[in-house]
Amino acid sequence: SPKTVGEVNFLITELLQRYRHAHGLSYATCNDCLGALEGAKLEFYRRVVVPYEEIQRAANGDVY
């Protein structure tokens, strides 16, 4: 289990490298990796960040 953001970065990079080595270096492989990263980012935002921001908005008031 990662303890720092650097360790999280390392684990993500390691997974991407394993995928690249298994599938070869090509545009499609690079695109697959970027798509997976973007999908994970969007899902994390939707499932974690948005609910957190809604709690904070309710507690602190809306800026807009």
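Calculation criteria
- Along each chain, residues carry numbers from 1 onward, in the same order as the chain's sequence is written.
- Local features are withheld for residues below a pLDDT of 70 in this predicted model, meaning they are given only at 70 or higher, and side-chain atom pairs are given and counted only at 80 or more; totals for whole chains, interfaces and linings count all residues.
- The basis for every side-chain value is the complete set of non-hydrogen atoms in the structure, without hydrogens or water.
- Secondary structure elements are defined from DSSP: runs of H or I of at least 4 residues count as helices, runs of E of at least 2 residues count as strands, and each element is numbered from the N terminus.
- In this description the radius of gyration comes from C-alpha coordinates, and the expected globular size is given by 2.2 Å times residues to the power 0.38.
- Relative accessibility decides the category of a residue: with a 1.4 Å probe and only protein chains considered, values under 20% of the type maximum give buried, values over 50% give exposed, and everything between is partly exposed.
- Surface accessibility follows the Shrake-Rupley procedure with a 1.4 Å probe radius. Residue values consider only the protein chains on display as shielding.
- Distance thresholds for patches are 9 Å for like charges and 5 Å for nonpolar side chains (Val, Leu, Ile, Met, Phe, Trp, Tyr), applied to residues having over 30% relative accessible area and no salt bridge.
- Every case where a carboxyl oxygen of Asp or Glu lies within 4 Å of a side-chain nitrogen of Lys or Arg is listed as a salt bridge.
- To estimate the expected span of a helix, count its residues, drop one, and scale the result by 1.5 Å.
- To count as a disulfide, a pair of cysteine sulfur atoms needs to be within 2.5 Å.

Q: Tell me about the overall build of the protein chain, and please be specific about residues and values.
A: On a plain count of helices and strands, the protein chain comes out with 2 helices and 0 strands. Here the protein chain has a C-alpha radius of gyration of 17 Å; the compact-globule value for 64 residues is 11 Å, and the former is much larger. Sorting the 64 residues of the protein chain into buried and exposed places 3% on the buried side. Here the protein chain displays about 5600 Å² of accessible surface, and carbon together with sulfur accounts for 63% of that area.

Q: Could you give me a rundown of a nonpolar patch on the surface, with the residues and numbers involved?
A: A cluster of nonpolar side chains, Val5, Val8, Ile12, Leu34 and Leu37, forms an exposed patch at the surface whose accessible area comes to about 440 Å². Of all the elements in the fold, those that place two or more residues in the nonpolar patch are helix H1 (5-23) and helix H2 (27-60). Ranked by the residues each element gives to the nonpolar patch, the list is headed by H1, at 3 residues. Note on placement: Val8 falls in helix H1.

Q: Which residues make up the environment of Gly6, and what values go with them?
A: Within the secondary structure, Gly6 sits in helix H1. Distance in space between the C-alpha atoms of Gly6 and Cys33 is 19 Å, their sequence separation being 27 residues.

Q: Which residues make up the environment of Gly39, and what values go with them?
A: Inspection of the secondary structure assignment puts Gly39 in helix H2. Since its relative accessible area comes to 37%, Gly39 is described here as partly exposed.

Q: Tell me about H2, residues and numbers included.
A: The periodicity of an α-helix, 3.6 residues per turn, causes residues three or four places apart in sequence to face the same way. With 34 residues, H2 should reach 50 Å at 1.5 Å per residue; the first-to-last C-alpha distance of 46 Å fits that figure. Looking one or two residues past H2, Gly61 carries a phi angle of roughly 90°, positive in sign.

Q: Tell me what's going on with the state of the cysteines, and back it up with residues and numbers.
A: Counted under the stated rule, the structure contains 0 disulfides. Cysteine Cys30 remains unbridged, with the sulfur of Cys33 as its closest cysteine sulfur at 6.6 Å. Judged by relative accessible area, which is 12%, Cys33 ranks as buried.

Q: Give me the lowdown on the pattern of salt bridges, citing residues and values where you can.
A: Applying the stated criterion to the full structure yields 5 salt bridges. For Arg18, the salt bridge identified is with Glu14, shortest N-O distance 3.9 Å. Residue Arg18 and its partner Glu14 are located together in helix H1, separated by 4 residues, close to a single helical turn. For Arg57, the salt bridge is made with Glu54, and the minimal N-O distance between the two is 2.7 Å. Taken together, the positions of Arg57 and Glu54, both in helix H2 and 3 residues apart, correspond to about one turn of that helix. Overall, Arg57 belongs to the partly exposed group, its relative accessible area being 37%. We classify Glu54 as partly exposed; its relative accessible area is 40%. Residues participating in the shared-partner salt-bridge network are Glu43, Arg46 and Arg47.

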